[in-house]
Amino acid sequence: MTNSPLAGSPFVARQSKDLLIEQVPLSTLTTTYGTPLFVYSKAAMLSALAAYQRGFAGRNARICYAMKANSSLAVLQVFAQAGCGFDIVSGGELARVIAAGGDPGKVIFSGVGKTRAEMQQALRAGIACFNVESEAELEVLSEVAHALEMRAPVSIRVNPNVDAKTHPYISTGLKDNKFGVAHERALQTYQRAAQLHGLEVVGIDCHIGSQITDVSPYLDAMDRVLDLVDAIERSGITLKHIDFGGGLGIDYNMPVDNELPPSADDLWRALLAKLDARGYGQRQLMIEPGRSLVGNAGVCLTTVEYLKPGELKNFCIVDAAMNDVPRPAMYEAFHQITPLALRDTESVVYDVVGPVCESGDWLGRDRSLAVEAGDVLAILSTGAYCMAMASNYNTRGRAAEVLVDGNKWHLIRRRETAQDLMACESLIPNTP
Ligand code: LLP
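How each quantity is defined
- Residues numbered from 1 in each chain as written.
- Predicted model: local features only at pLDDT ≥ 70, side-chain atom pairs only at ≥ 80, totals over all residues.
- Heavy atoms only, no water.
- Helix = DSSP H or I, 4+ residues; strand = E, 2+ residues; numbered from the N terminus.
- Rg over C-alpha atoms; globule rule 2.2 N^0.38 Å.
- Buried < 20%, exposed > 50% of the residue type's maximum accessible area, 1.4 Å probe, protein only.
- Core = buried A, V, L, I, M, F, W, Y, C linked by side-chain atoms within 4.5 Å.
- Domains from an automatic or database assignment.
- Contact = heavy atoms within 4.5 Å.
- Pairing = 2+ DSSP bridges.
- Phe/Tyr/Trp six-rings, centres within 6.5 Å; stacked < 30°, edge-to-face > 60°.
- Polar contact = N/O pair within 3.5 Å; in protein donor to acceptor, adjacent residues only side chain to side chain.
- 1 Å grid on protein atoms, 1.4 Å probe; cavity = no way out; pocket = protein on both sides within 12 Å on 5 of 7 lines; lining within 4 Å.
- Points joined across faces, edges and corners; volume = space filled by probe spheres on them.
- Nonpolar A, V, L, I, M, F, W, Y, C, P; charged D, E, K, R; others polar.
- Near = heavy atom within 4 Å.
- Axes fitted to C-alpha atoms, helices over the stretch in contact; angles between N-to-C directions.
- Parallel < 35°, antiparallel > 145°, perpendicular 65-115°, else oblique.
- Left-handed = near helix turned anticlockwise from the far one by under 90°.

**With respect to the overall build of the protein**
- When you go through the protein residue by residue, the secondary structure sums to 12 helices and 22 strands.
- Its C-alpha atoms give the protein a radius of gyration of 23 Å, near enough to 22 Å, the size a compact globule of 432 residues would have.
- Across its three principal directions, the C-alpha atoms of the protein cover 70 × 70 × 45 Å.
- Among the 432 residues that make up the protein, the fraction classed as buried is 54%.

The following block contains the structure:
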């Protein structure tokens with residue numbers, strides 16, 4: 001094969017004047033469906049999942065895909081068929097799991113603000129576990145389950161107070177953020193849960209943040225959680241499972257300070273060694289990975305509309321925007337950007353920006369590109385937290401999505417039209 005995989009995105013390869021995902025030339029897809037267009041590789045998703053499965057070989061472990069990373073139905077279908085459960089954070093996500101053929105019995109429900117209606121919906125669907133995030137939520141869940149004459153399986157999300165060393169917006173395990181029950185209050189909260197009607201304590205849970213590239217915060221969090229498991233079980237409450245959340249980072253191939261995360265199997269080799277050493281190696285384990293399963297399986301394709309040279313900056317204006325790929329605007333996140341076809345002309349340094357009326361609408365800064373209007377660019381590593389966070393700002397329809405499988409592809413979401421965007425709205429009566 002003459003195709004060379006792109007650094008950071010091993011399922012995207014360059015072949016003469018095009019990029020390929022698996023065996024499908026991306027130019028074929030943009031010609032057929034237009035841009036902006038998200039394209040995902042099924043093999044990349046399954047290969048990311050396989051790294052976790054290798055890590056857990058011979059263990060009692062369940063992988064619950066954190067579907068907030070990418071909740072498109074066909075993506076969920078791929079993970080459901082591969083045997084995954086799902087980590088959800090809303091009733092809407094539960095409806096998606098069911099629509100995609102997922103098993104509600106393998107669903108765990110996270111989030112600090114579950115409503116009573118969402119609790120009822122999840123109880124009736126028979127989910128595996130509620131990851132409860134506060135004492136107040138515990139009381140409400142008890143009431144809701146009791147009223148339905150059901151028992152809610154619960155796990156309490158404990159906040160281990162460790163620094164995940166990631167972006168402050170996506171760090172969740174420190175004392176000063178809204179997630180979980182403080183480590184010091186966890187034992188009392190478990191004792192309260194054990195007394196309440198309508199609840200059955202089944203596990204313990206923690207999640208310390210996202211885009212974590214280092215093993216040490218995980219090891220620290222595990223020690224803190226296992227200390228609690230010791231204490232909770234000494235007090236007479238049995239925990240069937242331990243859930244270590246998600247958070248493993250991906251390689252975004254940043255030109256400077258690129259932090260390479262460990263592979264999922266290496267991470268779990270280290271974590272399982274600690275679990276074994278502390279006598280918990282045979283306990284049922286759960287994890288909630290999101291980004292690491294889909295982030296590098298996706299690209300966003302966008303067409304250059306205009307080149308706009310300026311005194312201080314040159315702008316490359318494309319047809320994708322912050323409403324399609326929100327991570328740069330929200331977190332100043334880096335995504336690699338590369339043209340589909342390479343030109344022999346000299347490169348110019350551009351800020352790659354979208355058409356949305358905000359200065360924050362940028363996709364890449366100071367990128368050296370040899371491009372002309374009409375060229376197509378690929379924004380890499382956009383499988384996670386892009387389409388799932390896309391909006392309709394500026395009445396822009398959300399992009400179409402394609403899933404590639406070998407030499408075949410499927411349109412898994414058509415482009416939204418202006419009609420779609422107005423479908424829920426109504427005018428008021430005209431005044432004379
Ligand atoms: N479990 C819980 C309870 C979570 O809150 C999250 C992510 C995950 C699992 C999955 O984490 P992952 O494996 O994907 O790191 N929008 C941000 C990321 C927000 C993460 C929110 N919670 C971004 O684009 O970087």
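Structure's up, so let's keep going.
**As for the nonpolar core**
- Judged by nonpolar contacts, the single largest core of 99 residues is most densely connected at Tyr65, Phe79, Phe86, Phe130, Ile204, Phe244 and Trp268.
- Tallying contributions element by element places helix H8 (residues 216-234) first for this core, with eight residues.
- Looking at which domains feed residues into this core, each of domain 1 (2-41 + 296-422) and domain 2 (110-289) gives three or more.
- Once residues lying within four places of it in the same chain are set aside, the contact partners of Phe244 are Cys206, Met222, Val225, Trp268, Leu275, Leu285, Met286 and Ile287.
- Membership of the second largest hydrophobic core comes to 18 residues, among which are Leu29, Val39, Val402 and Val404.

**Let's talk about the sheet that holds strand E3 (residues 18-21)**
- Taken in spatial order, the four strands of this open sheet run E1-E2-E3-E4, and their pairing is antiparallel. A strand with exactly one partner marks an edge of an open sheet, and here the two such strands are strand E1 (4-6) and strand E4 (24-25).
- Across four bridges, the pairing between strand E2 (residues 9-15) and E3 is antiparallel. Counterpart to Gln15 in the pairing with E3 is Asp18.

**Quick notes on the packing of aromatic side chains**
- Scanning the model with the defined rule gives six aromatic pairs in all.
- An angle of 15° between the planes, with centres 6.3 Å apart, marks the rings of Phe38 and Tyr40 as stacked.
- Under the relative-accessibility criterion, Phe38 is labelled buried at 0%.
- When the centroid spacing of 6.3 Å and the interplanar angle of 70° are considered together, the rings of Tyr65 and Phe86 count as edge-to-face.

**Examining the side chain of Asn296**
- Locating Asn296 in the fold gives a position in the loop between helix H10 (291-294) and strand E15 (298-308).
- Among the residues examined, Asn296 registers a relative accessible area of 17% and is labelled buried.
- Within the local environment of Asn296, its side chain forms a polar contact with the backbone oxygen of Asp251, the two atoms lying 3.1 Å apart.
- Not counting chain neighbours up to four residues away, the residues in contact with Asn296 comprise Gly8, Ser9, Ile250, Asp251 and Ser381.

**Points about the environment of Val371**
- Topologically, Val371 is positioned in the loop between strand E19 (362-369) and strand E20 (376-379).
- Expressed as a C-alpha distance, the spacing of Val371 and Ala13, which sit 358 residues apart in the sequence, is 19 Å.
- Apart from residues lying up to four places away in sequence, Val371 is in contact with Leu307, Cys316, Pro339, Arg343, Tyr350 and Leu377.

**Notes on empty space enclosed by the protein**
- Evaluated as defined, the whole model comprises two cavities of 30 Å³ or more.
- What the largest cavity holds in volume is close to 50 Å³.
- In terms of lining, the largest cavity is formed by Tyr52, Tyr218, Phe244, Gly245, Gly246, Gly247, Leu248, Leu267, Trp268, Ile287 and Pro289.
- A breakdown of the residues in the lining of the largest cavity according to their chemical character gives eight nonpolar, three polar and no charged.
- Lining the second largest cavity are Cys206, Ile208, Tyr218, Ala221 and Phe244.
- Looking at side-chain class alone, the lining of the second largest cavity contains five nonpolar, no polar and no charged residues.

**What to know about the site of the ligand**
- Taken together, 19 residues sit near the ligand, with Ser210, Glu288, Arg327, Tyr331 and Tyr385 positioned nearest.
- Between the ligand and Glu288, the relevant distance is 2.6 Å, taken from a nitrogen atom to a side-chain nitrogen or oxygen of the residue.
- Looking at side-chain class alone, the shell around the ligand contains six nonpolar, seven polar and six charged residues.
- The residues that make up the shell around the ligand include at least three from each of domain 1 (2-41 + 296-422) and domain 2 (110-289).

**Brief notes about the packing of helix H4 (residues 91-99) against helix H5 (residues 116-125)**
- At a minimum axis distance of 9 Å, the contact between H4 and H5 shows a crossing angle of 25°. Regarding the angle of H4 to H5, the classification is roughly parallel. The hand of the H4/H5 crossing is left-handed. Residues Gly91, Leu94, Ala95 and Ile98 of H4 form the contact with H5, whose participating residues are Glu118, Gln121, Ala122 and Ala125.
- Of the residues that constitute the contact of H4 with H5, the class distribution is five nonpolar, two polar and one charged.

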